[in-house]
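In case you want the letters, here they are:
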Amino acid sequence: MSARVALVTGSSSGIGRACADRLAAAGWTVVGASRRGTSGEGWRGISVDVDVDREVLSGVADVLGREGRLDAVVAAAGWGLAGAVEDATTEEAHAQFETNFFGVDRVVRSSLPHLREHRGRVVIVGSIGGVIGLPFQAYYSATKFALEGYAEALAGEVRPFGIAVSVVQPGNFRTEFTDRRRHSAPAEGDPYGAARARALESMARDEAGGASPDAVAARVADLLAARRPPLRVSVGPASERVGVVAKRLLPYRAFERASRKSLGL
């Protein structure tokens, strides 16, 4: 039997890179897709901008042409936009959705006909910020909330073909995501300045103190190996994952107070 083939987006760094490394070590044939086209130990990279239809189609065609099959897609490409909603431009908000939501959709849609042939898997890297809205990262959270609904609906469509869909919801992990976060320019007078600074400093501190992204990659590998993988799984320390449960169980005002306090708001 040929080795299973996985396409991993966002593979040049962070969680995507960790996923490509982990799957290659586990025996998968891995093709990593990123704007930089970075390759890694045991896997090859191709240059793909998930914001561009033709590049995604070309990337999937490359996988099929070189490997002859496609068994799994791990959609890990993404970035973060920080700032108050009032400060963000429409262009910045569109750019955030273009990569984090429509980029995932492009890759998944282009891959589904080939995943059907092998009862394949789709793993989407979401975020705990897709369950709990993050002040001063509203558009980032919005993209991740959108992926939750997208994955749930998609799972119902493709289940009859044996395709399993999962969303991984990482908490804070130590990656280049923090340094690459983009910031909206403050409005004149900057009424949100102090609160924004406290929230973003808290987030950056938690991210810098987070665990290696290999913990997320290990969970992704488990999902791809599972006979019946769950639709959703959160990854990270219990102190972060408990928020997902607390939001469902606590009165919302109590949850909101605790959430704001954790960000110094």
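Computed from a predicted structure; not experimentally measured.

### A few points about the overall build of the protein
Along the protein, the regular secondary structure elements total nine helices and nine strands. Expected size for 265 residues packed as a compact globule is a radius of gyration near 18 Å; at 18 Å, the protein falls within 12% of this value. Across the 265 residues that make up the protein, the buried fraction comes to 50%. In the protein, the proportion of contacts linking residues at least 24 apart, taken out of those at least 6 apart, comes to 71%. Averaged over its 34 positive side-chain charges, the protein has a centre that lies 7 Å from the centre of its 30 negative ones.

### Overview of the environment of Q96
Mapped onto the elements of the fold, Q96 is located in helix α3 (residues 90-115). Separated by 44 residues in sequence, Q96 and Y140 have C-alpha atoms that sit 6.8 Å apart. Those residues in contact with Q96 that sit more than four places away from it in its chain are W79, G80, L81, F101, Y139, Y140 and T143. In this structure the side chain of Q96 is engaged in a polar contact, spanning 2.8 Å, whose partner is the backbone oxygen of W79.

### Comments concerning helix α2 (residues 53-67)
For α2, which comprises 15 residues, the first-to-last C-alpha distance of 21 Å matches the rise-based estimate of 21 Å (1.5 Å per residue) to within 8%. Listed in full, the buried residues belonging to α2 are V56, G59, V60 and V63. Down the axis, α2 shows its buried residues gathered within 90 degrees of arc, on one side only. Counted as exposed and oriented over 90 degrees from the buried face of α2: R54, L57, G65 and R66. Buried residues belonging to α2 abut β1 (5-9), β2 (29-34), β3 (44-47) and α3.

### Some remarks on the pattern of salt bridges
Counting across every chain of the model gives 16 salt bridges. Here E152 ties to R232 by a salt bridge, and the two come within 2.7 Å at their closest N and O atoms. Of this pair, E152 sits in helix α4 (residues 138-158) while R232 sits in strand β9 (residues 232-235); the two residues are 80 residues apart in sequence, bridging distant segments of the chain. Of the residues examined, E152 reaches a relative accessible area of 45% and is grouped as partly exposed.

### Quick look at the packing of helix α1 (residues 14-25) against helix α7 (residues 214-225)
Close contact between α1 and α7 brings their axes to 8 Å; oriented N to C, the two are set at 50 degrees. It follows from the interaxial angle that α1 and α7 lie oblique. Seen from above, α1 lies across α7 with right-handed handedness. The residues of α7 that touch α1, namely those facing I15, A18, C19, R22 and L23, are D214, V216, A217, A218, V220, A221 and L224. In terms of residue class, the contact of α1 with α7 is made up of 10 nonpolar, no polar and two charged.

The rules behind each value
Residues numbered from 1 in each chain as written. Predicted model: local features only at pLDDT ≥ 70, side-chain atom pairs only at ≥ 80, totals over all residues. Heavy atoms only, no water. Helix = DSSP H or I, 4+ residues; strand = E, 2+ residues; numbered from the N terminus. Rg over C-alpha atoms; globule rule 2.2 N^0.38 Å. Buried < 20%, exposed > 50% of the residue type's maximum accessible area, 1.4 Å probe, protein only. Contact = heavy atoms within 4.5 Å. Lys, Arg positive; Asp, Glu negative; His and termini not counted. Charge placed at Lys NZ, Arg CZ, Asp CG, Glu CD. Polar contact = N/O pair within 3.5 Å; in protein donor to acceptor, adjacent residues only side chain to side chain. Expected span 1.5 Å × (residues − 1). Arc of directions from axis to C-beta. Salt bridge = Lys/Arg side-chain N within 4 Å of Asp/Glu carboxyl O. Axes fitted to C-alpha atoms, helices over the stretch in contact; angles between N-to-C directions. Parallel < 35°, antiparallel > 145°, perpendicular 65-115°, else oblique. Left-handed = near helix turned anticlockwise from the far one by under 90°. Nonpolar A, V, L, I, M, F, W, Y, C, P; charged D, E, K, R; others polar.

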